[in-house]
Amino acid sequence: MTAATATAPRVLRSPAEIRRSRIIGIIYLMLAAFVLVVFAMGTEGDATFKLAATGDRFEIPDLVLSAAGLSYVAAAFLAFLGGIQLTRGFGKATNIILGLAMAVIAFTFLGWAAAGKSLSLVGMLQLTVVKSVPITFGALSGVMCERVAVINIGIEGMLLSGAFLGALIGSVAGPWMGILAGILVGGLLAFALAVLAIKYRVDQIIAGVVINIFALGITSYLTSSILVENSDTLNRVDIFRAWKVPLLGDIPFIGPIFFNHNFFVYGMYVLVAVIAFALFKTRWGLRSRAVGEHPKAADTLGINVFRFRYLNVILGGMIAGFGGAYFTVGSAGAFDENMSAGRGFIGLAAMIFGRWHPVGALGAALVFGFADSLQAKLAILQTPIPGEFLLMAPYIVTVIVVAGVVGRARPPAADGQPYVKE
Amino acid sequence: MELELKGITKRFPGVLANDRVNLEIKSGEILGLLGENGAGKTTLMNILYGLYSATEGDILIDGRVQDFQSPGDAIAAGIGMVHQHFMLVPVFSVAENVVLGVEPTRAAGILNMEEARRDVRQISAKYGLEVDPDAVIEDLPVGIQQRVEIIKVLFRQAEIIVFDEPTAVLTPQEVEEFFGIVRSLRDAGKGIIFITHKLDEIREVADRINVLRRGRIVGEADPKVVGKEELAELMVGRPVELVVAKEEANPGAPVLEVEDLVVLDDRNHPNVDGVSFTVHAGEIVGIAGVQGNGQTELVEALTGLRTALSGVVRLSGEVVTDDTPREIHRKSVAHVPEDRQRSGLVLTFTVAENLVLDSYYDEPFSRGVVMDWGRTRENARALVEEYDVRTPSIEVEVRNLSGGNQQKVIVAREFSRDVKFTVASQPTRGLDVGSIEYIHERIVKERDAGGAILIVSTELDEVMALSDRILVMYRGKIVAERRPDETDTTKLGLFMAGVTET
């Protein structure tokens, strides 16, 4: 008799995976054909991309490309990817390649839209960062809650309430107080969710939906009954102005995109870094994640599961409230009915796309933010696409992403399950 | 240290789980706590560990009364527990699991993982518990996971360590190794409480034995002198037949034929990797193996619950590889699933409803879209009677039944049809001796009536007792085939651990 040697288990591709791989390959080919027919054929003129914003310290020459040429190159590239995907596949790099293909298509699309005209690429990416702010805050709120296994569908309502109180209190007592009010109301709604979900073990989806309906209803009612008639005194808040970060803000191309924004954008960077560090490098983070993965194990080690869930859900709500205040105090300067327009839900999608990691969530939010900024910038260029379709862009991207283009992401093991102490 | 449980009584609504239990243990001894499933062992230990509070009675350490409100209190008092179902976070590393709850930190609560790793290595070296502190739990075999649990307890400086059914998931070789660890812990001055229902193991490792039956301590025994039969009788409360009575098998035509079957698990590993075997009419084939070596995926593929990647499954000559579960079911296949509460029963349905889960859609239990509840109840009354299901009524939700009676409901449902092939996974897991005897009897009866039967069990004794032929599965392959009379548990244990013949 001989002892068995330990070998790493083989990994085979399941039928479902092979099917998915084929579908992606065919999609590449279809996209190549689409780019060829729609973007390349019959398109004339050069697209001019501006790489520097006005007032930048360094001048960069504009990037001028032939729209049709760009499209032909892109179509060939996509066809090439499709061919490889169908024959041998990309293995572990599948998702990265997919992301690359999407970026190529997006760029080709911009080239087509800007053919014969000029588009400020730097301005568009700057807007991408701005548009991703509420989505990132929503996603961070989701990360905080779901890492301790409480699903927070109510982020949308928390954003909206934060925006409302940001405007109302901000108009009366100044923008800082507006932000504070937003944070508090977010925390308060999250506390309600926590009590329902943790103590009374109400279905978490329903509890969250109830919060959304409540927030939409009460803010709409108060807007029409109070804000509309007193819009000068109660619904006009001083917004935070952009502030260029010394040195970093002067980096060509990168500087204006990332480092010439207002307080909320920098707050977003800081918060992403802080939460990522706290979750993975501190005692609090280790315990939080344990509570989300295996609450019973945490309990048997003397960790108070309920306390962690309450605390993190409330903190998550405060983050959403802060993000909500951005709509009014950081951007519009006034509240408008349902002005969050689903950004909380897109934030949840960003959380999933970002695999429950704060940095991933930020990356995902930037993708959604890009889709959002498309619509704003392309409206100016007067493309043949109807404006209504452009308005759909962020939601369409959300559906595509969540429908499984990213493959299977693994949520915290106990996500959504109430903990019952025996 | 000296621990004493004095007059511990625990009442759950309608159940007396522990009844004035007295127990003593000192440092440097191994106390065996023997009892059947449902005798109240785990409840007692959960009280000791602060998970439940006792209705009456005291816990004393060195003569002082303790008041444990939570596991944290028990841990602080020097009590450690290795649970039957490991309390490890699967996606965390070994070191993270060990320190969870008592993390070494730098300023501002920042984890000091270097210190954690160093501590793990130190304990590993001191007690001979080899493990990589950076390995992720879900990648480790259960034997190593158990070591992590032990390190966890030692890291918290436990003086009294409770092991709740620790050998259930181990191979015979791992069990030997585990006993070595337990003895060295005792020699290092720890007090050990070893909970089990396995007679051989408790006689081998314990210094003293206490027997718990129906929540009460019913006797003490000296493991050096007490006989197995005597111990079994003490545990069950009546004389027990330790072997399954059955005649020589009389195999007929092949019923189930499996050829080169490959099945992927959820992570796309070929967990069944080119398996071929045949089960004939009138024989019981047992599949032995440590949990997670492909048995689950094999059974799921045979019953249509999982699609096979390649290979062929034939039932009486007919290819059924890609059939749906219902199609297979209608070809006279019975399936007693591995996890009765998750895939065998709908817990919130009544006994009567559960008894027609597989046949409700057809005559006689429904006509068109309308259920015939009269027939359903008639069927339930007859089966409850025939299969000796102890239930207050057929209208009771099955979740209120004991494990043994839940299993009988499944057996009744599956065997009451005209069955050609039966696959039973872990048919007696977690059951009391009476139910085990009954279910074994039914399975043998089914065989004698000409049924082909496949038993999958991680309990080697059960496979040995029931099977006419034994197949051992290791890493998705069948590595040995033996008749029970030409082998023994030691040899099978080696096959289960991956040792091959040359």
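Here the structure is a predicted model, which means the values were calculated and not measured. (Residues numbered from 1 in each chain as written. Chains lettered and ligands numbered in written order. Predicted model: local features only at pLDDT ≥ 70, side-chain atom pairs only at ≥ 80, totals over all residues. Heavy atoms only, no water.)

Re the side chain of Asp 250 of chain A
All names here are of chain A.
Here's step 1: Here Asp 250 shows up in the loop between strand 4 (243–244) and helix 9 (254–258).
Here's step 2: For Asp 250, a relative accessible area of 12% corresponds to the buried category.
Here's step 3: With residues up to four places along the chain from it excluded, the contact list for Asp 250 reads Arg 57, Phe 58 and Lys 244. (Helix = DSSP H or I, 4+ residues; strand = E, 2+ residues; numbered from the N terminus. Buried < 20%, exposed > 50% of the residue type's maximum accessible area, 1.4 Å probe, protein only. Contact = heavy atoms within 4.5 Å.)

Concerning the pattern of salt bridges
Residue and element names in this part refer to chain B.
Here's step 1: Considering all chains together, one arrives at 46 salt bridges over all chains under this definition.
Here's step 2: Arg 183 serves as the salt-bridge partner of Glu 204, at 3.7 Å between the closest nitrogen and oxygen. A residue pair is termed long-range when its members are at least 10 positions apart, and Glu 204 in helix 7 (residues 199–205) and Arg 183 in helix 6 (residues 172–187) qualify at 21 residues.
Here's step 3: Look at Glu 204 and you get partly exposed, because its relative accessible area is 38%.
Here's step 4: According to the relative accessible area criterion, Arg 183 is partly exposed, its value standing at 26%.
Here's step 5: One salt bridge connects Arg 367 with Asp 372, and the closest N-O pair in it is separated by 3.0 Å.
Here's step 6: Each of Arg 106, Glu 114, Arg 117 and Asp 134 takes part in a single network of salt bridges with overlapping partners. (Salt bridge = Lys/Arg side-chain N within 4 Å of Asp/Glu carboxyl O.)

Re a nonpolar patch on the surface
All names here are of chain A.
Here's step 1: Side chains of Leu 196, Tyr 200, Val 202, Ile 205, Ile 206, Val 209, Val 210 and Ile 213 sit close together on the surface and give an oily, nonpolar patch of about 680 Å² of accessible area.
Here's step 2: The dominant element in the nonpolar patch, judged by the number of residues it contributes, is helix 7 (residues 204–227), at five residues.
Here's step 3: With respect to the secondary-structure elements, Val 202 resides in the loop between helix 6 (175–199) and helix 7.
Here's step 4: According to the relative accessible area criterion, Val 202 is partly exposed, its value standing at 30%. (Patch = residues over 30% accessible without salt bridge, like charges linked within 9 Å, V, L, I, M, F, W, Y side chains within 5 Å. Areas by Shrake-Rupley, 256 points an atom, 1.4 Å probe, with all protein chains shown as cover.)

Digging into the packing of helix 5 (residues 155–173) of chain A against helix 13 (residues 305–332) of chain A
Residue and element names in this part refer to chain A.
Here's step 1: Where helix 5 contacts helix 13, the two axes come as close as 6 Å, and the packing angle between them is 50 degrees. By the angle between their directions, the pair helix 5 and helix 13 is classed as oblique. Between helix 5 and helix 13 the crossing geometry is right-handed. Of the residues in helix 13, those touching helix 5 at Ile 155, Met 158, Leu 159, Gly 162, Ala 163, Gly 166 and Ala 167 are Gly 317, Ala 320, Gly 321, Gly 323, Gly 324, Ala 325, Phe 327, Thr 328 and Val 329.
Here's step 2: Residues that form the contact of helix 5 with helix 13 fall into these classes: nine nonpolar, seven polar and no charged. (Axes fitted to C-alpha atoms, helices over the stretch in contact; angles between N-to-C directions. Parallel < 35°, antiparallel > 145°, perpendicular 65-115°, else oblique. Left-handed = near helix turned anticlockwise from the far one by under 90°. Nonpolar A, V, L, I, M, F, W, Y, C, P; charged D, E, K, R; others polar.)

Digging into the domain arrangement of chain B
How big an interface is tends to be stated in terms of the accessible area lost upon association of its parts.
Here's step 1: Assigned domains within chain B: domain 1 (2–236), domain 2 (241–332 + 418–502) and domain 3 (345–417).
Here's step 2: Look at where the C-alpha atoms of domain 1 of chain B and domain 3 of chain B centre, and you get two points 39 Å apart. (Domains from an automatic or database assignment.)

Description of the pairing of strand 19 (residues 421–425) of chain B
On a regular strand, each side chain points to the face opposite its neighbour's, so the side chains alternate between the two faces of the sheet.
All names here are of chain B.
Here's step 1: With five of its five residues buried, strand 19 lies for the most part within the structure.
Here's step 2: Of the two faces of strand 19, the one lined by Phe 421, Val 423 and Ser 425 and the one lined by Thr 422 and Ala 424 are each fully buried.
Here's step 3: As paired strands, strand 16 (residues 333–336) and strand 19 are joined by four bridges and run parallel to one another. Across the sheet, residue Val 333 finds its bridge partner in strand 19, namely Phe 421.
Here's step 4: Relative to strand 20 (residues 452–457), strand 19 runs parallel, the two being bridged by five bridges. If you follow Phe 421 over to strand 20, its bridge partner there is Ala 452.
Here's step 5: With helix 15 (residues 433–448) bridging strand 19 and its parallel neighbour strand 20, the resulting β-α-β unit is right-handed. (Pairing = 2+ DSSP bridges. Right-handed = clockwise from strand over helix to strand, strands pointing away.)

Observations concerning the packing of helix 6 of chain A against helix 13 of chain A
Residue and element names in this part refer to chain A.
Here's step 1: Running from N to C, helix 6 and helix 13 point in directions that differ by 145 degrees, and their axes come no closer than 6 Å. In this structure, the crossing between helix 6 and helix 13 has a hand that is right-handed.
Here's step 2: Along the lines of polarity and charge, the residues of the contact of helix 6 with helix 13 split into 17 nonpolar, five polar and two charged.

Let's talk about the interface of chain A and chain B
Here's step 1: Chain A puts 35 residues into the contact, and the matching count from chain B is 45 residues.
Here's step 2: Taken together, both faces of the contact between chain A and chain B bury some 3,300 Å²; the carbon and sulfur share is 62%.
Here's step 3: Applying the counting rule to chain A against chain B returns three salt bridges.
Here's step 4: Glu 96 of chain B is the partner of Arg 289 of chain A in a salt bridge, and the nearest nitrogen-oxygen pair spans 4.0 Å.
Here's step 5: Our count for the chain A to chain B interface comes out at six residue pairs in polar contact (both at pLDDT 80 or more).
Here's step 6: Listing elements by their share of the side of chain A that touches chain B, those giving two or more residues are helix 1 (15–40), helix 10 (263–281), helix 11 (283–293) and helix 12 (295–300) of chain A.
Here's step 7: No other element matches helix 11 of chain A, which puts six residues into the side of chain A that touches chain B. (Buried area = accessible area lost by both parts, 1.4 Å probe. Polar contact = N/O pair within 3.5 Å; in protein donor to acceptor, adjacent residues only side chain to side chain.)

Some thoughts on helix 8 (residues 228–236) of chain B
All names here are of chain B.
Here's step 1: Inspection of helix 8 places Leu 231, Ala 232, Met 235 and Val 236 among the buried residues, and these make up the whole buried set. Buried residues of helix 8 fall within an arc of 120 degrees about the axis and therefore sit on the same side. Exposed residues pointing more than 90 degrees away from the buried face of helix 8 are listed as Glu 229 and Glu 230.
Here's step 2: Next to the buried residues of helix 8 lie strand 3 (30–35), helix 7, strand 9 (208–213), strand 10 (216–221) and helix 15.
Here's step 3: One or two residues past the end of helix 8 sits Gly 237, with phi positive at roughly 95 degrees. (Arc of directions from axis to C-beta.)

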